[in-house]
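Single-letter residue listing:
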Amino acid sequence: MRRDVFQAIADPTRRDIIGLIAHRSLNLNTVAEHFDISRPAVSKHIKILTQCGLLTIRQKGRDRYCEANLKKLNEVSEWVERYRTFWTNKLDALGDFLEKDIAGDKLDLKDGK
């Protein structure tokens, strides 16, 4: 199954894992210690994050370390930005319409209509 970055950030535990390793590499046990879920559940989340390209796992001796690849989050940022622009334009147009409508109502009141 192909996974994408949106699936990765859809789950709050995965978002917390990303936040945890965003600034430093941690081994799998250290990551698991931060959560009140089973080690296999944490491993499943890490597997999904790896499949989505947000994490890489590196072997150092007997330990496996998780490292963040936050460049993949640019996909989310670009998607959000498209809609931010869309909604900003729509809300600006609505504001302009309402201002004209209110101004028109004021003119109608002055004219006694």
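Overview of the structure. (Residues numbered from 1 in each chain as written. Predicted model: local features only at pLDDT ≥ 70, side-chain atom pairs only at ≥ 80, totals over all residues. Heavy atoms only, no water.)

1. Considerations on the overall build of the protein
Counted only if it meets this: A run of DSSP states H or I qualifies as a helix once it reaches four residues; a run of E qualifies as a strand once it reaches two. Both are numbered from the N-terminal end. Accessibility here uses a 1.4 Å probe with only protein chains present; expressed as a share of the type maximum, an area under 20% marks a residue as buried, one over 50% as exposed, and anything in between as partly exposed. Only the protein chains shown count as cover for residues, and all accessible areas are computed by the Shrake-Rupley method using a 1.4 Å probe.
When you go through the protein residue by residue, the secondary structure sums to 5 helices and 3 strands. Scanning the protein from its N terminus toward the C terminus, one meets helices and strands in the order α-α-β-α-α-β-β-α. Among the 113 residues that make up the protein, the fraction classed as buried is 21%. Surface accessibility of the protein: about 8,400 Å² in total, with carbon and sulfur atoms responsible for 53%.

2. Let's talk about the sheet that holds strand 1 (residues 26-27)
Short version of the rule: Only when DSSP finds a minimum of two bridges between them are two strands counted as paired.
The 3 strands are arranged 1-3-2 in an open sheet whose pairing can be described as antiparallel. Edge positions in the sheet fall to strand 1 and strand 2 (55-60), since each of these pairs with one other strand and no more. Where strand 2 and strand 3 (residues 63-68) come together, 6 bridges link them in antiparallel fashion. From the neighbouring strand, Ile57 faces strand 3, where its bridge partner is Cys66.

3. Examining the side chain of Arg14
Note the following rule: Working convention for charge: Lys and Arg count positive, Asp and Glu count negative, and His plus the chain ends are omitted. Definition used for salt bridges: Asp or Glu carboxyl oxygen within 4 Å of a side-chain nitrogen of Lys or Arg.
Along the chain, Arg14 turns up in helix 2 (residues 12-21). This buried residue, Arg14, is left without a salt bridge; Asp11 holds the nearest opposite charge, at 4.4 Å.

4. Side note on the nonpolar core
How we decide: Nonpolar cores were defined as sets of buried Ala, Val, Leu, Ile, Met, Phe, Trp, Tyr and Cys residues, with membership established by side-chain atoms within 4.5 Å. Whether two residues touch is decided by their heavy atoms; if any such pair falls within 4.5 Å, the residues are in contact.
Grouped together as the largest cluster of nonpolar side chains are 20 residues, with contacts concentrated most on Ile17, Val31, Ile46 and Leu49. Of all the secondary-structure elements, those providing two or more residues to this core are helix 1 (5-9), helix 2, helix 3 (28-33) and helix 4 (39-51). Excluding anything up to four places from it in sequence, Ile17 contacts Val31, Phe35, His45, Ile46, Leu49 and Leu55.

5. Section: the pairing of strand 3
Across 2 bridges, strand 1 lies against strand 3 in antiparallel orientation. Considered in strand 3, the bridge of Leu26 is made with Cys66. As consecutive antiparallel partners, strand 2 and strand 3 are separated by 2 residues, and within that stretch Gly61 has a phi angle of approximately 65°, a positive value.

6. Structural notes on the environment of Cys52
Structurally, Cys52 can be placed in the loop between helix 4 and strand 2. It is 8.3 Å that separates the C-alpha atoms of Cys52 and Lys72, two residues lying 20 residues apart in sequence. With sequence-adjacent residues up to four places away left out, Cys52 is seen in contact with Arg3, Asp4, Val5, Ala8 and Lys72.

7. Focus: helix 2
Rules: Starting at the helix axis, one direction is taken to each C-beta atom, and the arc is that of these directions. N or O atoms closer than or at 3.5 Å make up a polar contact, with two conditions inside protein: a donor-capable atom paired with an acceptor-capable one, and, for residues adjacent in sequence, both atoms drawn from side chains.
Burial in helix 2 covers these residues: Thr13, Arg14, Ile17, Ile18, Leu20 and Ile21. What you see down the axis of helix 2 is that its buried residues fit within an arc of 160°, all on one side. Lining the buried residues of helix 2 we find helix 1, strand 1, helix 3, helix 4, strand 2 and strand 3. Between a side-chain oxygen at the N-terminus of helix 2 and the backbone nitrogen of Thr13 the separation is 2.8 Å; the capping residue is Asp11.

8. Observations regarding the pattern of salt bridges
Per the stated rule, a full pass over the model turns up 3 salt bridges. Here Lys72 ties to Glu75 by a salt bridge, and the two come within 3.0 Å at their closest N and O atoms. Since its relative accessible area comes to 33%, Glu75 is described here as partly exposed. When the shortest N-O distance is used, the salt bridge between Arg84 and Glu81 registers 2.9 Å. Placement of the pair is Arg84 and Glu81 together in helix 5 (residues 74-110), with a separation of 3 residues, close to one helical turn.

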